[in-house]
Amino acid sequence: MTTIETRTVPPRVDAVIVGAGFSGMYLLHKLREQNLTAVVFEAGAGVGGTWYWNRYPGARVDVESLAYSYSFSEDLEQEYPWRERYPTQPEILKYANHVADRFDLRRDIVFRTRVTGAGWDDDSRTWLVRTEHEDAVTARFLIMATGCLSTPKLPEIPGIETFKGASYQTSRWPHEDVDFTGKRVGIIGTGSSGVQSIPVIAEQAADLTVFQRTPSFSLPARNRPLRPDEIADMRATYRAYRKAQRESSGGVPVVVPTKSALEVSDEERDAAFEQAWESGSLVNLLSTFTDFAISQEANDTCRNWIHGKIREIVRDPRTAADLCPEYPVGTKRPCLDTNYYETYNRPNVHLVSLRRTPLVEVTEKGIRTSEREYEFDAIVYATGFDAMTGALTGVDIRGRDGLSLKETWSAGPRTYLGIGSSGFPNLFMITGPGSPSVLSNMIVSIEQHVEWVAGAIAHLDREGLRAIEATPEAQDAWVAHVNELAGYTLYPKANSWYMGTNVPGKTRVFMPYVGGVGEYRKKCDDVAARGYEGFSLIA
Ligand code: NAP
């Protein structure tokens, strides 16, 4: 036994789980229910994963609280007192902590401990998992519950280390309050994290300069406190709602569109967009018509309509023009905001388009573009993540015959169902590349994967089998299917973290599965029902 802080790490468990976010917590609970032993390693000092790390001002979820919550415990969903339509990061973190306490999870979680590597031993059919503290734990199963957006990425700009003021990264925000009062602040990045934090920082800072390379489409969240009657209604119908979530396309039930954007009159189309805009719901916007994801012409109608909204809100025409994205709506993750576009009407907020004046370097005093140097007291980097694969390839995972996951995936991730990868027996990924994951309400996808993986382990144990591994043929077919579906859509038209293009050197390939969570769940269930078709089951 080795001891870290006050935790004792057992030398041998059924499963090592990496990460104590929403995936890792539910996995631990689920495996315990099956009388399996598990240890969770978590790099942070607390549970909550993405909600533990992303503490930047204005951080909120963009799926409604009553839908972005666990469904596995009816008591939990009936009792948990959600307060807002779109809860803040502290509120979601409180929920994660409540779940950890309620299900007594902490006793099997080792905090402040990063997993550095894992090697498969084919003779004993086990993984040997190593941590930064040099623990060595043997496990039958290695389950990566490491999240899709958890490996932060700083911009590749020379001079970052030379800046003499304060530097912050949205995804690694300090735990103590940051006060920008009276400060000149620069922020780089206008994805969801930038869009959420810019209005809040603008209210405090003396002056805020936003450095934008690519604008985002953003919809007003229209956040508000939840009414007691809507909470009561949801609690009365939760079972049916959860079923609808699981069968939906994105993990949030919506009225399925029946018309093309091109077959209706301009008035009908505008009215539909206006209704979606007023509803404060991204899924409503993306499902106004049948063909946004597949027809450039249909998508253009939505893009042009949103451009009109931006021009209506933002008073300075040049700023408004710079804020209008040119790629198809939805092909980069759209954002949900509170006062984002309005913020550019404030006299203390300035937008610098890096398309017009590219970033050159960070200096001792601030940021230099091709046009001039801007001086700041603080710089905020809202520059995103090495998405979907970064946390997986960041661990030195060696499968059969020492095969490296990182090297095997050098031309893009290769998985079967986004759950397993050929050459890596008994390695499971929760919401891995090749599954719907980031294109869905994450909690719906997390629960589906956790339950599928727990079922697969139960199957092996029942049958007296020791290992499960994706076959190369099934994996090739799945990768081809994922790519084929993506090829029918407009997604590959934009450079985005879905495509890996935000990370220099990363292969350009669309990583999530676009078929929808309902269809995907059926496929996974069919695979299990056919005796884990496409996997080798090994004695
Ligand atoms: P992101 O969407 O990847 O945005 C990063 C931003 O930084 C982009 O505007 C990017 O520009 C810019 N950038 C990166 N490198 C740069 C460089 N070298 N020079 C100039 N600009 C640079 O990251 P994010 O905002 O953290 O969001 C990531 C995802 O996390 C979201 O899409 C969403 O799925 C999730 N998220 C969700 C919420 C929510 O639920 N409300 C909140 C935050 C995040 P380019 O686009 O040109 O690369």
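Residues numbered from 1 in each chain as written. Predicted model: local features only at pLDDT ≥ 70, side-chain atom pairs only at ≥ 80, totals over all residues. Heavy atoms only, no water.

Engineer: Give me the lowdown on the packing of aromatic side chains, citing residues and values where you can.
Structural biologist: In the structure shown here, the tally under the stated rule is 39 aromatic pairs. Judged by centre distance (5.4 Å) and plane angle (85°), the ring pair of Phe217 and Tyr327 falls under edge-to-face. One end of the pair, Phe217, is in the loop between strand S11 (207-212) and strand S12 (218-220); the other, Tyr327, is in the loop between helix H10 (317-323) and strand S13 (335-337), and 110 residues separate them in sequence. We note that Phe217, like Tyr327, is buried. Among the aromatic residues, those joined into a ring-pair cluster are Phe22, Tyr26, Trp51, Tyr68, Tyr70, Phe72, Tyr80, Trp82, Tyr95 and Phe103. Note that Arg55 overlies the ring of Tyr52, its terminal NZ or CZ placed 4.9 Å from the centroid. Of note, Arg372 hangs over the ring of Tyr374, and the distance from its end group to the ring centre comes to 3.9 Å. (Phe/Tyr/Trp six-rings, centres within 6.5 Å; stacked < 30°, edge-to-face > 60°. Helix = DSSP H or I, 4+ residues; strand = E, 2+ residues; numbered from the N terminus. Buried < 20%, exposed > 50% of the residue type's maximum accessible area, 1.4 Å probe, protein only. Lys NZ or Arg CZ within 6 Å of the ring centre and 35° of its normal.)

Engineer: Let's hear about the site of the ligand: which residues, and what values?
Structural biologist: Residues in close proximity to the ligand total 26 residues, the closest being Arg60, Ser193, Gln196, Arg213 and Thr214. Glu156 has a polar side-chain atom sitting 3.1 Å from a nitrogen atom of the ligand. In the model, an oxygen atom of the ligand is placed 2.9 Å from a nitrogen or oxygen of the Thr190 main chain. Protein chains bury 89% of the 910 Å² of accessible surface belonging to the ligand in isolation. Looking at which element gives the most residues to the shell around the ligand, the answer is helix H5 (residues 192-204), with three residues. (Near = heavy atom within 4 Å. Polar contact = N/O pair within 3.5 Å; in protein donor to acceptor, adjacent residues only side chain to side chain. Areas by Shrake-Rupley, 256 points an atom, 1.4 Å probe, with all protein chains shown as cover.)

Engineer: Now, about the sheet that holds strand S17 (residues 373-375): what can you tell me, with residues and values included?
Structural biologist: Taken in spatial order, the three strands of this open sheet run S15-S16-S17, and their pairing is antiparallel. Lying at the two open borders of the sheet, with one neighbouring strand each, are strand S15 (359-362) and S17. The sheet shows a mean angle of 20° between the axes of neighbouring strands, taken without regard to direction. Sheet analysis places strand S16 (residues 366-369) next to S17, joined by three bridges and oriented antiparallel. Bridging across to S17, Arg368 finds its partner in Glu373. (Pairing = 2+ DSSP bridges. Axes fitted to C-alpha atoms, helices over the stretch in contact; angles between N-to-C directions.)

Engineer: Account for the sheet that holds strand S10 (residues 184-188), with residues named and values stated.
Structural biologist: Reading across the sheet, the five strands line up as S9-S18-S10-S11-S14 and stay open at both edges, with parallel pairing between neighbours. Both outer strands of the open sheet, strand S9 (166-169) and strand S14 (349-353), are each paired with one neighbouring strand and no more. When strand polarity is set aside, the average angle formed by the axes of neighbouring strands in this sheet is 20°. Lying on the sheet, H5 is in contact with S10, S11, S14 and strand S18 (378-381); it crosses S10 at an angle near 170°. (Contact = heavy atoms within 4.5 Å.)

Engineer: Give a detailed account of the state of the cysteines, specifying residues and quantitative values.
Structural biologist: Chemically, a disulfide is nothing more than a covalent bond linking the sulfur atoms of two cysteines. What the rule picks out here adds up to zero disulfides. For Cys524, which is in no disulfide, the shortest distance to another cysteine sulfur is to Cys148 and amounts to 14 Å. (Disulfide = S-S within 2.5 Å.)

Engineer: Hey, could you go over the packing of helix H6 (residues 228-247) against helix H16 (residues 517-529) for me, with residue numbers and the actual values?
Structural biologist: Running from N to C, H6 and H16 point in directions that differ by 85°, and their axes come no closer than 6 Å. On the basis of the axis angle, H6 is roughly perpendicular to H16. Counting all contacts with H6, which are made through Gln245, Arg246 and Glu247, the residues of H16 involved are Val517, Gly518 and Arg521. A class-by-class count of the residues in the contact of H6 with H16 yields one nonpolar, two polar and three charged. (Parallel < 35°, antiparallel > 145°, perpendicular 65-115°, else oblique. Nonpolar A, V, L, I, M, F, W, Y, C, P; charged D, E, K, R; others polar.)

Engineer: Please set out the environment of Met429 residue by residue, giving values where relevant.
Structural biologist: Relative to the helices and strands, Met429 is located in strand S20 (residues 427-429). With 68 residues separating them along the chain, Met429 and Glu361 place their C-alpha atoms 38 Å apart. With residues near it in sequence (within four places) discarded, Met429 still touches Met144, Leu392, Trp409, Thr415, Gly418, Ile419, Gly420, Ser421 and His449.

Engineer: So what about the pattern of salt bridges? Which residues, and what values?
Structural biologist: In this structure the tally under the stated criterion is 39 salt bridges. Salt-bridge contacts for Glu77 lead to Arg242; the nearest nitrogen and oxygen are separated by 2.9 Å. Residue Glu77 is found in helix H3 (residues 74-79), and its partner Arg242 is found in helix H6; the two are separated by 165 residues along the sequence. Taken individually, Glu77 and Arg242 each receive the classification buried, so the pair is uniform in this respect. In this structure, Arg414 and Asp476 form a salt bridge, with 2.9 Å as the shortest nitrogen-oxygen distance. One end of the pair, Arg414, is in the loop between helix H13 (405-408) and S20; the other, Asp476, is in helix H15 (residues 472-487), and 62 residues separate them in sequence. Judged by its relative accessible area of 30%, Arg414 is partly exposed. (Salt bridge = Lys/Arg side-chain N within 4 Å of Asp/Glu carboxyl O.)

Engineer: With reference to specific residues and values, describe the nonpolar core.
Structural biologist: Within the largest apolar cluster, 80 residues are counted, with the highest numbers of intra-cluster contacts made by Ile143, Leu417, Phe428 and Trp452. Broken down by element, the residue count for this core peaks at 10 residues, all from helix H14 (residues 442-463). Grouped together as the second largest cluster of nonpolar side chains are 52 residues, Val264, Phe292, Val329 and Val349 included. (Core = buried A, V, L, I, M, F, W, Y, C linked by side-chain atoms within 4.5 Å.)

Engineer: Which residues make up the environment of Val329, and what values do they have?
Structural biologist: Structurally, Val329 is set in the loop between H10 and S13. Put simply, Val329 and Phe292 are 37 residues apart on the chain and 7.6 Å apart in space, counted from C-alpha to C-alpha. When neighbours within four sequence positions are excluded, Val329 is seen to be in contact with Phe217, Leu285, Leu286, Asn299, Cys302, Arg303 and Ile306.

Engineer: Please provide a residue-by-residue account of the pairing of S14, values included.
Structural biologist: With four of five residues buried, S14 lies mostly within the body of the structure. As paired strands, S11 and S14 are joined by five bridges and run parallel to one another. Paired with Leu208 across the two strands is Val349, which belongs to S14.

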